[in-house]
Every structure is written in C-alpha cells, then in structure tokens.
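Per-entry structural report
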Amino acid sequence: KPQNPANLDLNAPTKITMGNANEIEDFNKQQFGDFKQQLAQCNNCGRKFLPDRLVVHLRSCKPGASGGGSKPVDKDFSPKSDSSPTP
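Residues numbered from 1 in each chain as written. Predicted model: local features only at pLDDT ≥ 70, side-chain atom pairs only at ≥ 80, totals over all residues. Heavy atoms only, no water.

A few words now on the overall build of the protein. Each helix and strand in the protein was counted, giving two helices and two strands. When its helices and strands are written in sequence order, the protein yields α-β-β-α. Burial status across the protein gives 8% buried among its 87 residues. In the protein, of all internal contacts separated by at least 6 residues, the share reaching a separation of at least 24 is 17%. Carbon and sulfur atoms make up 53% of the accessible area of the protein, which amounts to about 8,200 Å² in all. (Helix = DSSP H or I, 4+ residues; strand = E, 2+ residues; numbered from the N terminus. Buried < 20%, exposed > 50% of the residue type's maximum accessible area, 1.4 Å probe, protein only. Contact = heavy atoms within 4.5 Å. Areas by Shrake-Rupley, 256 points an atom, 1.4 Å probe, with all protein chains shown as cover.)

Summed over all chains, the structure comprises one aromatic pair. Seen in terms of ring centroids, F32 and F35 are 6.4 Å apart; in terms of plane orientation they differ by 25 degrees. Their pairing is stacked. You can see F32 and its partner F35 sitting in helix α1 (residues 21–37), three residues apart, about one turn around the helix. Judged by its relative accessible area of 49%, F32 falls in the partly exposed class. Exposure remark for F35: the relative accessible area of 36% places this residue in the partly exposed category. (Phe/Tyr/Trp six-rings, centres within 6.5 Å; stacked < 30°, edge-to-face > 60°.)

Tallying each qualifying case throughout the model produces zero disulfides. Not part of a disulfide, C42 finds its nearest cysteine sulfur in C45, a span of 3.7 Å. On the basis of relative accessibility, which here comes to 3%, the residue C42 falls in the buried class. (Disulfide = S-S within 2.5 Å.)

Structure representation (structure tokens):
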C-alpha cells in the first residue's frame, strides 16, 4: 500500500483555476472535435459510434434482418428548441 508523504494535507482545498469563457469554449470545441474523430460509421444505417460500441450495434443492425435493419439517420435533423407539441 503506497504511503502518503507526512507533509501532504489531504483535507486542504484544491484550487481550480478557470480560464476565461473563450478559452473554455475553445477547449471544449477541440475536445469534442477529437472525440468525433474517433467515431466509426455503421455501414448499414449511417449512425456513428465509438469503435467498441459499433461492434455491439452491428449485432442488431443487419441488412436483410426482419425490418431491414435500422432506419437511416436524417442528417438534416435538428431538434426544435420549443418542446411543446405542434397543433
């Protein structure tokens, strides 16, 4: 079992420095871009998954299976900002 140094105060608050809003936004965009580059596309339905999750998805998304596999994703779909139903 590793020993903590005697002078280390485990109860001391840790100071977290926050950048300005633009730095944070830029960092988040970079991280999201890096994440999206890892995604692999399903050849059957076009959806994108992390590689280990694509393997699981492919078990149920097969062309020729009952229902013909998953429906293709509408690439132009954008959720409405208003969640109330339209009459």
